[in-house]
Structure formats: C-alpha cells, structure tokens
2 protein chains.
Amino acid sequence: MVHIAVDIMGGDFCPNSNLEGAYDALQADKDIFLLLAGPEETIREAVGAWSRELQDRVSIIPASEVITTEEAPVAAVRKKKDSSLAVGARLVREGKASALISAGSTGAILAAGQLIVGRLPGVQRPPLAAMLPTQKGPKLFLDLGANVDAKPEWLCQFARMGTIYMERVQHIASPSVKLVNLGVEEEKGNALIKAANPMLREMEGINYQGFIESRDVIMGEADIIVADAFTGNAILKTIEGTVEFVMNAMKDVFKTSFLTALGALAIKKPLKEKVRGFKASEHGGAMLLGLNGLVMKCHGNAGREDIKNAILKSAQFVREDVCGRIRDAFTEADTGGDGSDV
Amino acid sequence: MVHIAVDIMGGDFCPNSNLEGAYDALQADKDIFLLLAGPEETIREAVGAWSRELQDRVSIIPASEVITTEEAPVAAVRKKKDSSLAVGARLVREGKASALISAGSTGAILAAGQLIVGRLPGVQRPPLAAMLPTQKGPKLFLDLGANVDAKPEWLCQFARMGTIYMERVQHIASPSVKLVNLGVEEEKGNALIKAANPMLREMEGINYQGFIESRDVIMGEADIIVADAFTGNAILKTIEGTVEFVMNAMKDVFKTSFLTALGALAIKKPLKEKVRGFKASEHGGAMLLGLNGLVMKCHGNAGREDIKNAILKSAQFVREDVCGRIRDAFTEADTGGDGSDV
C-alpha cells in the first residue's frame, strides 16, 4: 500500500478538484492509501459520501490554515505550521506518507519541500522536473525554476537524478542527457555551461550527449534536458505562451471568411487535443527531486483529472523507489565509491 | 545619400539573394548608395545588367575571401582580412558606409562588429536586438545572444539603447521597458536580475515597468524587452521551435480525415502568413547596437526580399541617427551629466 498525502486546500479549484481527484485515484488504484490534509469538517463531509471500501483507504489529517499564492512563500511556510501544505509536508517528513501532492503556490511548495520534507543526503539542490510533451514523445526537463544561480555541480546532480527517474519510472535504458546552450558548438556557452560541460562528460552512468539548442527542446532531441532554473523556466513558459499565441492566431484566421470558418469547424477539436498536452498533465505535475520523499506540484488550475493523474503517477514513482535510488547514488558518490564495492 | 555596405558572400543563397536584394533596395529608395563587398568579377557581371541609374549608386569593393559558418568566428575575422565580411566592416569603421548588412555566420558578424567596427565610447557591450512580432505588434527584444555572463550595468545600457531605437525609428514616445524574470513578484530573480532591477528603476529617461515573465514576451507586454543573452537566445529559439512544432502538429491533424483535409485547404495559407513573421524579417535583420555604425545580421537563409528589407530598414536607422543618439547618451552618462548641461 502506497501512502500519499494530498494538500486539499491547494489550487484555484480547491477543495473540490482535490477531493474529486482523490476519489478517482482511489477508484483507479486499489493499492493507494491517501492522507487528506485540510479542514476536517469539509473533508469528512465529502468522504462521508464515498463507499466504505474507499473510506477505509483514507485518513483525514486536520489542518486549519491555508497558504495563498499572494503570501511570501518561505515566511508563509514557516509561520503557518497548521496549513494544509505544511501538515502534508510533515507527513512525508515523518514517513507517514511517501509523497505529497499540491496544486498550491509554487514558491510555497518549493519552500515546504526544502524546509520541511528536506533533502536526501548528498543532494545539493532539489530540481523541479517535469515530463514535457515533445515531437518525439514526453521527455524529462529540469530544472524548471527551483534553484537560481546554479553551480555546475548542481547541473551534474540534476543529470544524475533525471537519469534515475527515466530509467526507473519511464523504463528507458541509458537515457540520453543534453545541456541547454546557445549553440551546439563546443566553444559556446556562458561560464556555467563551460564549467558543467566537461564535468558531465566525465560522469559515469550518464549518457551525456552534449549541448542542445532551445529550439530543439520541444523537438525532443534528448530523453533528459538539463538547464539552470532561470533558463528552464524561460523555455517552459515561452513554450506555453507561444502555443497560446499560435492558437489565438488561428482563431483570427478562422474568422476571416466563410471558407476558413468551415475549415475551422473540421480541425479545431483534433488540433486542440493534439497540443493540449502542454497544459494538461497525464504525467502528473512537476516533481521536486532529491527530497526525503516525492513532492509533486500540480498546476494552479488543476482539475479533477489532473489531481487523479498526479496521485497515480506519484504512486508509480514511490513503487519504483526513485528516492531510494537517488539516496544510494549520492551516498556512493559521497564516499567516492562507484557502486561496485558497496 | 545613405551609404550602406553589403556582404555579398554571406548567407546560404549568396551571392544571388544579396545581389538581387541590393537591386530591389536601390529601386525602392533613390537615396541609397550601396558598397558591395565580394568577388569583383561576379559582382561586376551582375551589376552590369542593371540600369545606368542604379549602377551610379553602386560601388564594387573587391574582397577575395569568404568566412564560412564552420569557422571559429573570432579567428576567422582576424585571419581573413580580405573576407567580404571583414572588408564590409572596415568600410563602416572608416566612415565610408554607415551600416553593414550580412547574412553570414552570426558569430563572425558579432566578432566583426566588436573587433572591426568597434564600440561607441561608453558602450560596454553591443547587444543583438530585433523586432519580434508579438500579439500586440512588433516589439524590441534584446540581447538575443551577443554577450554571455551579463553584468547588471550591461542590461541598463541595453534598456537605454533600446529606448533610443524605439523612440527614433519606431516613433514610440516613452516606450515601456521590462526585464525578463522567473516571475513578476519583486523578490524573485537570480543575482543578475536582483541587481539590475533597482538600477533600472533609478534610470532617468527610461520608462521601466519591472518584470515580465517569458510567456508574456510573445504577447508583447512591453515595447522593449530586456534579457541577458543566454535567456534572450533561449526565448527566441524556443518561440521559433514551438511555432514549427505547432505547425507540424497541424499538418498531422490535417491528414487524419477527409473533413480535416478540407479544413486544411481553407486555412493553411492564411495561417502561414499570419505566423510567418517569426521567420521573415519585414523589420530587417537583428541589429548590433552601440557600435560605430549599424551592423545588421540577416538570417542565414535570407532571400532576396529579406536582404532588400534589411537595407531599407538600415537606411531608416541611419537617417534617424540612432548611433549618434546612443553616442550622445553614453557620453553624457560618462561625464555624470543628465543632458541639461551639455
């Protein structure tokens, strides 16, 4: 039985989307146990309408406070010790849950991950990682915004954690790793990239393939794409904005004539489905890797299905013991071993 | 009469697209004089077929070498002193031309700009800037890749140069300036952004409006969008890649049924025209600002019309005396004056 904590008060549509997503996940996977953190009465009322079998796999964890997206994240997490997010994070910290799902404030989730759940030994910074839908299928992209002013060592650790995730959860043998750069020529790059590149080449157990240009990220030209948080965030948000921009341009074109309006009728829906992957989340939310448990961040406007998927994907992550593998990898690295003598 | 140098041997379709674009520009603007740098015989032959009136506004500047995109840029510019690019850049350096157009290797153009044309007094780094087509019309976006490991002072200078360009050439009064960041909250950012933000707020004559998220760059939420070269390059290339990705997705959808194929027929062409702005260049190429003359870089696959537009836009830039204004602004800044006592 995998134990997963859910921040019931996170996201634009809380508590309903979280409660409904929890319900759907329990229906879909019989080996999940959920710890629902939030206002006791509200949760009790919702859960009271569920079947006995589902109720037996739920525990209500009272939390009286809520952290909003307007609050300064670190201060909010420190002050609101009885917030649904902080309570959920403590459940992971104390080993009562193996993962935490929240659709709340990104900053607060990052802070709760670092301050409450805590890093695995040897991990310098926990990157925010997500499966990005690309032309060649979903690829792992990290760091999406967790750790500014990156050091070369952090990027190497991101490559290591990404490799473990892709091997274990996505079942890709020897996943390729590329580093985002201005160009693919060896002499290009800023100081960070120039320092990280030879270090990545030296790493054992990492299938490092050199640089990738930003335009090829969406083309899926690597299984794992590593960037510093500032660049990763810029690329991810530019993809979102550009998809929206092109869809808007299309709407304008549709309106220009009777013919194009007819054309629109035919292609609107299939096209929307084709590109909606950028906003949707069949692979769950963005993951904070390298902590004492998984912290998964869903989009603020996550709906019922997004929460369900996040819970199911988290369960898979836990079953594959990604945290344990990361801990092993970094403990070995710390002691200078290559794994063979452990 | 505006004198403009053209690197005849730059770009994938050289020398033809450059020669044809030069011809079209001379036809379109009677007050342009072109200095065509490249292989004498080839140019003479092409120009020989032009009308007498056009021939009178052309000077052939022999250059026997060519710099390819495969060469290390700085070394190539230093070594190949008789390359069409280096010869063209010297024409600007010596005041024989006010601008240089090239569709050659980006790195070599940046190097020729810095090493041969040279910076205006007070300019720390010349940013690569371009008019980006956005949802709210074309906006100036810089630095697109010229100066890695930016210092906060450079970003402030980029804002100043961008403001002069938008006021003079695009005739926008008090153009708004925003700085690309992870989020719009005041406390967000990496060390560079946190240092540059208060400095930009202090600047006189700059309509600084704070942060912009990458997703809003393409939405055109500022007249001038400032980023360090690494981030600017990442955003620009991500936009290009994502537009291509969505257009490919559309092609797939078109193929799925008879109805969608019919729909495709109707909307394909108008949509292509709507989004082609990202690859085309009605605003000319990307400009290196802050040099002793304009250096304009066209896309490697620039065609006849792109070269023509680049020449016409350069002439406008020269007539508005953007370089002179930048020199004045930075000379004043250097002496501590605010302009009123000069």
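Everything quoted here is computed from the prediction, not taken from an experiment.

Student: Sorry if this is basic, but what is going on with a positive patch on the surface here?
Tutor: A cluster of basic residues, Lys251(A), Lys255(A), Lys268(A) and Lys272(A), forms a positive patch at the surface. By the element assignment, Lys255(A) lies in the loop between helix 9 (229-254) and helix 10 (258-275).

Student: Is there a simple way to think about the environment of Lys268(A) in this case?
Tutor: All names here are of chain A. Note that Lys-268 resides in helix 10. What makes Lys-268 partly exposed here is its relative accessible area of 44%. When the C-alpha atoms of Lys-268 and Gln-55 are compared, they prove to be 41 Å apart, with 213 residues separating the residues in sequence.

Student: Could you clarify how one ought to interpret the domain arrangement of chain A in this entry?
Tutor: Often, the extent of an interface is quoted as the loss of accessible area on bringing the components together. All names here are of chain A. Once the domains are mapped, chain A shows domain 1 (1-123 + 290-342) and domain 2 (132-282). Distance from the C-alpha centre of domain 1 to the C-alpha centre of domain 2: 25 Å. If you look at the interface, domain 1 gives 17 residues, while domain 2 gives 15 residues. Summing the contributions of domain 1 and of domain 2, the shared interface buries around 1400 Å²; its carbon and sulfur component is 59%. A per-residue breakdown of the area domain 1 buries against domain 2 is headed by Glu-320, Arg-325 and Phe-330, which together make up 31% of the total. At the junction of domain 1 with domain 2, the criterion picks out one salt bridge. Between Glu-320 and Arg-168 there is a salt bridge, with the nearest N and O atoms lying 4.0 Å from each other. Taken together, the connections running from domain 1 to domain 2 amount to three residue pairs in polar contact (both at pLDDT 80 or more). Elements supplying a minimum of two residues to the side of domain 1 that touches domain 2: helix 6 (106-117), helix 11 (304-319) and helix 12 (322-334). Class assignment of the residues belonging to the side of domain 1 that touches domain 2 gives a composition of seven nonpolar, five polar and five charged.

Student: Where do I start with a nonpolar patch on the surface in this structure?
Tutor: Taken together, the side chains of Phe258(A), Leu259(A), Leu262(A) and Leu265(A) define a hydrophobic patch exposed on the protein surface, amounting to about 500 Å² of accessible area. On the secondary structure map, Leu265(A) appears in helix 10.

Student: Teacher, can you tell me more about the relation of the copies chain A and chain B here?
Tutor: Relating one copy of the chain to the other requires a rotation about an axis plus a shift along that axis. Rotating chain A by 180° and translating it 0.0 Å along the rotation axis places it on chain B, where the RMSD comes to 0.0 Å. As the rotation angle and translation indicate, the two copies are arranged about a two-fold axis. Distance from the rotation axis, computed per C-alpha, reaches its smallest value in chain A at Gly263(A): 1.6 Å. When the interface residues of chain A are mapped onto chain B, 100% of them are again interface residues, pointing to one common binding face.

Student: What's the story with the interface of chain A and chain B in this structure? I'm lost.
Tutor: Chain A puts 53 residues into the contact, and the matching count from chain B is 53 residues. Between chain A and chain B, a total of about 4500 Å² is buried, with carbon and sulfur atoms accounting for 73% of that surface. Considering only the side of chain A, the residues that lose the most area to chain B are Leu182(A), Phe230(A) and Phe245(A), jointly responsible for 17% of the buried surface there. Connecting chain A to chain B are four salt bridges. Between Glu240(A) and Arg215(B) there is a salt bridge, with the nearest N and O atoms lying 2.7 Å from each other. Where chain A touches chain B, the interface holds 10 residue pairs in polar contact (both at pLDDT 80 or more). Contributions of two or more residues to the side of chain A that touches chain B are made by helix 8 (191-202), helix 9 and helix 10 of chain A. Residues that form the side of chain A that touches chain B fall into these classes: 28 nonpolar, 15 polar and 10 charged.

Student: Can you help me understand the confidence of the model for chain A in this one?
Tutor: Caution is warranted with low-pLDDT regions, since their predicted coordinates should not be read in detail. Residue and element names in this part refer to chain A. Chain-level statistics for chain A give a pLDDT mean of 92 and a share of 95% at 70 or above. In this model, residues 335-342 is a region of pLDDT below 50 whose contacts with residues beyond four sequence positions or in other chains number five contacts. This prediction of the complex comes with two scores: 0.92 for pTM and 0.91 for ipTM.

Student: Whenever I open this one, the side chain of Thr242(B) confuses me. Can you help?
Tutor: Take Thr242(B): it is sitting in helix 9 (residues 229-254). Residue classification places Thr242(B) among the buried residues on the basis of a relative accessible area of 0%. Only 2.6 Å separates the side chain of Thr242(B) from the backbone oxygen of Thr238(B), close enough to count as a polar contact. Once residues within four sequence positions are removed from consideration, Thr242(B) is found in contact with Ile218(A), Ile239(A), Thr242(A) and Val243(A).

Student: Sorry, what's going on with the pattern of salt bridges here?
Tutor: Once the charged atoms of two side chains with opposite charge are near each other, the side chains can pair. All names here are of chain A. On inspection of all chains with the given rule, the structure shows 31 salt bridges over all chains. A salt bridge links Arg-44 to Glu-40; the shortest N-O distance between them is 2.8 Å. In this pair, Arg-44 and Glu-40 both sit in helix 2 (residues 40-48), four residues apart, roughly one turn of the helix. With a relative accessible area of 43%, Arg-44 lands in the partly exposed category.

Student: For this particular structure, what's the right way to read the pairing of strand 7 (residues 176-180) of chain B?
Tutor: On a regular strand, one side chain projects to one face of the sheet and the next to the other, so that they alternate. Residue and element names in this part refer to chain B. Summarising burial for strand 7: five of the five residues are buried, a large majority. The alternating pattern of strand 7 places Ser-176, Lys-178 and Val-180 on one face and Val-177 and Leu-179 on the opposite face, and all of these are buried. Strand direction decides the pairing type here: strand 7 and strand 8 (residues 207-212), joined by four bridges, are parallel. Across the sheet, the residue bridging to Val-177 is Tyr-208, located in strand 8. With three bridges joining them, strand 7 and strand 9 (residues 224-226) adopt parallel strand pairing. Bridging across to strand 9, Val-177 finds its partner in Ile-224.

Rules used in this analysis
- Residues numbered from 1 in each chain as written.
- Chains lettered and ligands numbered in written order.
- Predicted model: local features only at pLDDT ≥ 70, side-chain atom pairs only at ≥ 80, totals over all residues.
- Heavy atoms only, no water.
- Patch = residues over 30% accessible without salt bridge, like charges linked within 9 Å, V, L, I, M, F, W, Y side chains within 5 Å.
- Areas by Shrake-Rupley, 256 points an atom, 1.4 Å probe, with all protein chains shown as cover.
- Salt bridge = Lys/Arg side-chain N within 4 Å of Asp/Glu carboxyl O.
- Lys, Arg positive; Asp, Glu negative; His and termini not counted.
- Charge placed at Lys NZ, Arg CZ, Asp CG, Glu CD.
- Helix = DSSP H or I, 4+ residues; strand = E, 2+ residues; numbered from the N terminus.
- Buried < 20%, exposed > 50% of the residue type's maximum accessible area, 1.4 Å probe, protein only.
- Domains from an automatic or database assignment.
- Contact = heavy atoms within 4.5 Å.
- Buried area = accessible area lost by both parts, 1.4 Å probe.
- Polar contact = N/O pair within 3.5 Å; in protein donor to acceptor, adjacent residues only side chain to side chain.
- Nonpolar A, V, L, I, M, F, W, Y, C, P; charged D, E, K, R; others polar.
- Least-squares fit on C-alpha atoms with pLDDT ≥ 70 in both.
- pLDDT = per-residue confidence, 0-100.
- Pairing = 2+ DSSP bridges.

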